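For reference, the chains in residue letters:
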Amino acid sequence: GAGVSQSPSNKVTEKGKDVELRCDPISGHTALYWYRQSLGQGLEFLIYFQGNSAPDKSGLPSDRFSAERTGGSVSTLTIQRTQQEDSAVYLCASSLVGGTRGTRGDTQYFGPGTRLTVL
Amino acid sequence: SQELEQSPQSLIVQEGKNLTINCTSSKTLYGLYWYKQKYGEGLIFLMMLQKGGEEKSHEKITAKLDEKKQQSSLHITASQPSHAGIYLCGAVLTGGGNKLTFGTGTQLKVEL
């Protein structure tokens, strides 16, 4: 079946503009994660959605970042008033169940990412 | 300091040679995942290890988990150019909820 898809694949924006990044998880996966990958910081967790539970937002770097997941499926990551340090590859992942540490159902499958460049 | 340390940071091997990449955690692991990434692409899931002593193989790649040492190794036998890329270990750690914490990655180049 189809894997995790993300759009756009590349986004170039000007400093101060808002951007929206989209993630379509694997059908039937209840958990969805956003990560950011940048040269200086490696791969960092941003936010995690599991079913109808309140999301784990502990990785969001500032209040300019927000995410929502509508209908338990598609997720949108929004960055307001973008800054140059927001430039990175934003990766989305989904897993079958989530919520149970280190079990087979927890394997996270990643999308191809969105490369964001803030000028 | 990094919660997951990978070594080496980069590796250049000749085609046909064996190699090992290590991943060591400073915290208790609840699951250790190996991924491969090619430049500009997402992460491709390779293997997941859960129990101490567990060993898994896929084609010429074998991964082991030493739970006591909180360490995993990824071994590639008879490397090929198709093995080139960045190898990342990720783990669910104590106090980390359900997120994956990642190592800094090992860049592998395979020379003909």
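Structure's up top.
These lines cover the structure that appears in this document, whether it is placed above or below.

The rules behind each value
- Residues numbered from 1 in each chain as written.
- Chains lettered and ligands numbered in written order.
- Predicted model: local features only at pLDDT ≥ 70, side-chain atom pairs only at ≥ 80, totals over all residues.
- Heavy atoms only, no water.
- Helix = DSSP H or I, 4+ residues; strand = E, 2+ residues; numbered from the N terminus.
- Contact = heavy atoms within 4.5 Å.
- Pairing = 2+ DSSP bridges.
- Axes fitted to C-alpha atoms, helices over the stretch in contact; angles between N-to-C directions.
- Buried area = accessible area lost by both parts, 1.4 Å probe.
- Polar contact = N/O pair within 3.5 Å; in protein donor to acceptor, adjacent residues only side chain to side chain.
- Nonpolar A, V, L, I, M, F, W, Y, C, P; charged D, E, K, R; others polar.
- Phe/Tyr/Trp six-rings, centres within 6.5 Å; stacked < 30°, edge-to-face > 60°.
- Buried < 20%, exposed > 50% of the residue type's maximum accessible area, 1.4 Å probe, protein only.
- Disulfide = S-S within 2.5 Å.

**Let's talk about the overall build of chain B**
1) Next: Broken down by element type, chain B carries zero helices and 11 strands.
2) Next: Helices and strands in chain B line up, N terminus first, as β-β-β-β-β-β-β-β-β-β-β.
3) Next: Structurally, chain B occupies a C-alpha span of about 45 × 30 × 20 Å along its principal axes.
4) Next: Here the contacts in chain B between residues at least 6 apart in sequence split such that 55% fall between residues at least 24 apart.

**Description of the sheet that holds strand β1 (residues 4-7) of chain B**
Residues and elements named next belong to chain B.
1) Next: Strand order in this open sheet of five strands is β1-β3-β8-β7-β6, and the pairing throughout is antiparallel. With partners counted over all chains shown, the strands left at the sheet margins are β1 and β6 (55-58), one partner each. With strand direction ignored, the average angle separating the axes of adjacent strands in the sheet is 15°.
2) Next: Sheet topology places β6 next to strand β7 (residues 61-66); four bridges connect them, and they run antiparallel. Residue pairing in the sheet places Glu-55 in a bridge with Lys-64 of β7.

**A word on the interface of chain A and chain B**
1) Next: Contact with chain A, which involves 21 residues of that partner, is made by 22 residues of chain B.
2) Next: Interface area, chain A with chain B, both sides summed: about 1800 Å², of which 52% is carbon and sulfur.
3) Next: Taken together, chain A and chain B are joined by three residue pairs in polar contact (both at pLDDT 80 or more).
4) Next: If you list the elements that add at least two residues to the side of chain A that touches chain B, you get β4 (31-38), β5 (42-50) and β9 (109-110) of chain A.
5) Next: For the side of chain A that touches chain B, a count of residues per class yields nine nonpolar, eight polar and four charged.

**Focus on the packing of aromatic side chains**
All names here are of chain B.
1) Next: Taken as a whole and judged by the stated rule, the model has 10 aromatic pairs over all chains.
2) Next: Where Tyr-35 meets Phe-45, the ring centres are 5.9 Å apart and the plane angle is 65°; that geometry is what we call edge-to-face. Remark: Phe-45 occurs in strand β5 (residues 43-49) and Tyr-35 occurs in strand β4 (residues 29-37); sequence separation between them is 10 residues.
3) Next: Judged by centre distance (6.0 Å) and plane angle (55°), the rings of Tyr-35 and Phe-102 are tilted. Within this pair, whereas Tyr-35 is found in strand β4, its partner Phe-102 is found in strand β10 (residues 101-102), the two being separated by 67 residues in sequence.

**Observations regarding unusual backbone geometry**
1) Next: Between Ser-7 of chain A and Pro-8 of chain A the backbone carries a cis peptide bond, its omega angle lying at -10°.
2) Next: Looking at where Pro-8 of chain A falls in the secondary structure, it is placed in the loop between β1 (5-7) and β2 (10-13).
3) Next: The amide bond that connects Ser-7 of chain B to the next residue, Pro-8 of chain B, takes the cis arrangement and shows omega of -5°.
4) Next: Looking at where Pro-8 of chain B falls in the secondary structure, it is placed in the loop between β1 and β2 (10-14).
5) Next: A positive phi is found at Arg-81 of chain A, a non-glycine position, where the angle reads about 45°.
6) Next: Here Arg-81 of chain A falls in the partly exposed class, since its relative accessible area comes to 41%.
7) Next: Phi is positive for Glu-59 of chain B, close to 55°, though the residue is something other than glycine.
8) Next: Relative to the helices and strands, Glu-59 of chain B is located in the loop between β6 and β7.
9) Next: For Glu-59 of chain B, a relative accessible area of 72% corresponds to the exposed category.

**Focus on the state of the cysteines**
1) Next: All told, the structure shown has two disulfides over all chains when counted by the stated rule.
2) Next: Sulfur-sulfur distance for the disulfide between Cys-23 of chain A and Cys-92 of chain A comes to 1.8 Å. Taking the torsion about the S-S bond as the criterion, the Cys-23 of chain A to Cys-92 of chain A disulfide, at about -65°, is left-handed. One end of the pair, Cys-23 of chain A, is in strand β3 (residues 19-24); the other, Cys-92 of chain A, is in strand β8 (residues 88-95), and 69 residues separate them in sequence.
3) Next: Classification of Cys-23 of chain A by relative accessible area gives buried; the value is 0%.
4) Next: According to the relative accessible area criterion, Cys-92 of chain A is buried, its value standing at 0%.
5) Next: The disulfide partner of Cys-23 of chain B is Cys-89 of chain B, and the gap between their sulfur atoms is 2.0 Å. Here the S-S torsion is close to 75°, and the disulfide linking Cys-23 of chain B with Cys-89 of chain B is therefore right-handed. In this pair, Cys-23 of chain B is assigned in strand β3 (residues 19-25) and Cys-89 of chain B in strand β9 (residues 85-93), connecting sequence segments 66 residues apart. Side by side, Cys-23 of chain B and Cys-89 of chain B carry an identical accessibility label, which is buried.

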